[in-house]
Amino acid sequence: MVWQKNSGPAWGLCRSFSWGFPPQIHLDIVSDPVRINRVTVWNPISRVRMSDRTPPRLLDLAAISLLRDEALTISTLEYLPTELFPSLFMGAFYGRRMETLKALVQAWPFVCLPLGGLRQKPHRRTLQAVLDGLDVLLAQEVRPRRCKLRVLDLQNTGQNFWRMWSGAKAGGGSSSSMAPVTENSSSTEQPLAPLKVFIELHLKKRTLGKFFTYLIRWVEQKKGSVHLCYRKLEIVSMPKENIKEVLSMVQLDCIQEVELNCTCKLSTLGVFAPLLGDMINVQRLRLSHVHVSSFAEQEQQQHVVQFTSQILRLHHLRDLCMESPSFLEGRLDQMLRCLVTPLDNLAITNCLLTESDLTHLCQCPNVSQLKKLKLSGVTLTDFSPELLQVLLEKVAATLQELDLDLCRILDPHLEAILPALSRCSQLRSLSICGNFFSVAVMEKLLSHTTGLLSLREELYPVPLESYSSQGVLLLERLVPLQNELLEMLRNLGRPRSIWISLRPCPYCGDDKCVHMEPAL
């Protein structure tokens, strides 16, 4: 940046500066601190008026000045400094300067344009202006000298990029896709690689909204030059035929998270399975409420095999969560055999399992490095207590979170796992609410876990002695039991916060809720 004094009488108040513009173009920006503090401008990143306590930056003033003349802005984009592009884009985006947006896209000097960081679902005319700019760009056989754009990101990410370039966030590092690309002076033209468009896909209705419909139609017209990518796919409600149609237009190997958050039949899961197998980079898979219909056993088994066989292709799967998977009863081994890499997190909740299922879980080599294990709502009463002990011994070196809520665990089960639990040196969170323990066994629990120095969150049920013979919670019994446990904690000598869960909560009737407070 070259500063020059202006030749007028107020040369101390005004300066001209040049950023590699042609000789005849310059910008006059008032830079006197007193006068600046009286300027009120529209901040394009936050869309609120800046007060005299937050004077605008020179970059913002330059962008505002340029945006007053769209023709001038467009004609000078080749000469503007990279640092000015984000401010210009934000001003054009919020000011609905469509021609300027279209031109900015064609000269964008960054690898990524994080449009979703400004607004997750842009105004249709704004989106159309951006896509029109891309149309011009994609129609060219070689990339313009200035443009480095390879990714259009419509996900709800990228806010840090805009904050950094707007001055709202000081010193934050930027990723390689957000940093300006150094121009190669030896070559002014580059081959145009396929453009990737990233978007979060939430299928919540029977049909896609106008925004997604418009975008997908545009992508269809650009086959070969545009790849539509989703890092996260969430299916809440949509006919399976529509799901297959939408996913046929998506680059499935870009998907890293899949959530099937809807009640569906096992047959639907079988139809979805081949698509899942093509999502080879999935790291997190969550299934909810997959129910077994009145199929014959042979047909049920066929659907299960269709699904589990695709798990074999997921070589990056680290997080597996299955809520109410009724199809797993007696078949968990089929799922576990198909895991090809060690899991970090495993959740199997609110379903029936057999003792054989739990035995196979204990023997599975790919659960030996678990950081999080959640078996809440799985009844463990009828199983051998030693099975849970073996499982905890297997994961003791890595386990950080353990959730055994509502498993109907009794004193013998808890006593059996205490030695293994005391060796879980990385454990940070332990929740066993909704089970049935006596105060004597709870005292043993507190004693065995006192050496777990990383343990910060402990959620336990009310001792059995607090209930009447009819199962009614008697608060007058709970208070002295709390005092007894508190005295034991003092004797153990390490400060701890223990949450005691009233079952059910007197405020909302749930077993575990926001009304819980530290009791000890």
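Residues numbered from 1 in each chain as written. Predicted model: local features only at pLDDT ≥ 70, side-chain atom pairs only at ≥ 80, totals over all residues. Heavy atoms only, no water.

Another aspect to go through is the overall build of the chain. Counting secondary structure elements, the chain contains 17 helices and 21 strands. Sorting the 520 residues of the chain into buried and exposed places 48% on the buried side. Long-range contacts, defined here as pairs at least 24 residues apart, represent 77% of the contacts in the chain between residues at least 6 apart. (Helix = DSSP H or I, 4+ residues; strand = E, 2+ residues; numbered from the N terminus. Buried < 20%, exposed > 50% of the residue type's maximum accessible area, 1.4 Å probe, protein only. Contact = heavy atoms within 4.5 Å.)

The next thing to look at is the nonpolar core. Counting 145 residues, the largest nonpolar core has Phe-89 and Met-279 as its most contacted members. Counting five residues, the second largest nonpolar core, distinct from the first, contains Cys-112, Val-151, Phe-198 and Cys-254. (Core = buried A, V, L, I, M, F, W, Y, C linked by side-chain atoms within 4.5 Å.)

We now examine the pairing of strand β14 (residues 284-291). Taken residue by residue, a regular strand's side chains alternate between the two faces of the sheet. Relative to β14, strand β12 (residues 257-260) runs parallel, the two sharing four bridges. Counted as the bridge partner of Val-258 is Leu-285 from β14. When strand β13 (residues 264-265) meets β14, the two strands line up parallel, connected through two bridges. From the neighbouring strand, Lys-265 faces β14, where its bridge partner is His-291. Crossover handedness for the path β13 to helix α10 (residues 266-278) to β14: right-handed. Pairing of β14 with strand β15 (residues 319-325), which is carried by six bridges, proceeds in the parallel orientation. Bridging across to β15, Val-290 finds its partner in Pro-325. (Pairing = 2+ DSSP bridges. Right-handed = clockwise from strand over helix to strand, strands pointing away.)

Pairing of strand β6 (residues 151-153) with strand β8 (residues 195-198), which is carried by three bridges, proceeds in the parallel orientation. The residue of β8 that forms the bridge with Val-151 is Lys-196. Bridging between β8 and strand β10 (residues 226-229) involves four bridges; their strand directions are parallel. Its bridge partner being in β10, Phe-198 is matched across the sheet by Cys-229.

A word on unusual backbone geometry. Even without a glycine there, the phi angle at Leu-406 is positive, about 55°. If you trace the backbone, Leu-406 turns up in the loop between β18 (401-403) and α15 (411-421). The class of Leu-406 is partly exposed, set by a relative accessible area of 33%. Positive phi is not limited to glycine here, since Arg-408 has a value of about 55°. When you line up the elements, Arg-408 lands in the loop between β18 and α15.

Our next topic: helix α13 (residues 355-363). All of the buried residues in α13 are Asp-357, Leu-358, Leu-361 and Cys-362. Projected onto a plane normal to the axis of α13, the buried residues spread over an arc of 140° and lie on a single side. In this structure, the buried side of α13 is in contact with α12 (332-337), β16 (345-349) and α14 (385-395). (Arc of directions from axis to C-beta.)

What follows concerns the sheet that holds β6. If you trace the four strands from one edge of the open sheet to the other, you get β4-β6-β8-β10, paired in parallel fashion. Only two strands of the sheet have a single partner each, and these edge strands are β4 (112-113) and β10.

This brings us to the pattern of salt bridges. Counted by the stated rule, this structure contains 13 salt bridges. With a closest N to O distance of 3.6 Å, Glu-487 and Arg-490 form a salt bridge. Of this pair, Glu-487 and Arg-490 both sit in helix α17 (residues 475-492), separated by three residues, roughly a single helical turn. Residue Glu-487 is classed as partly exposed on the basis of its relative accessible area of 39%. Three or more residues joined by partner-sharing salt bridges are found here, namely Lys-232, Glu-259, Arg-284 and Asp-319. (Salt bridge = Lys/Arg side-chain N within 4 Å of Asp/Glu carboxyl O.)

Right, let's talk about the packing of aromatic side chains for a bit. For the coordinates displayed, the defined rule picks out 11 aromatic pairs. Between Phe-93 and Tyr-94, the ring centres sit 5.1 Å apart and the planes meet at 85°, which makes this aromatic pair edge-to-face. You'll find Phe-93 and Tyr-94 in the same group, each marked buried. Ring plane angle 90° and centroid distance 6.1 Å describe the contact between Phe-307 and Phe-327, whose orientation is recorded as edge-to-face. Separated by 20 residues along the polypeptide, Phe-307 in helix α11 (residues 297-311) and Phe-327 in the loop between β15 and α12 bring together distant segments of the chain. Taking the relative accessible area as the measure of exposure, Phe-327 reaches 1% and is therefore buried. Taken together through their ring pairs, the aromatic side chains of Phe-85, Phe-89, Phe-93, Tyr-94, Trp-108, Phe-110, Phe-161 and Trp-162 make up a single cluster. (Phe/Tyr/Trp six-rings, centres within 6.5 Å; stacked < 30°, edge-to-face > 60°.)

The values reported here are purely geometric and, on their own, carry no functional implication.
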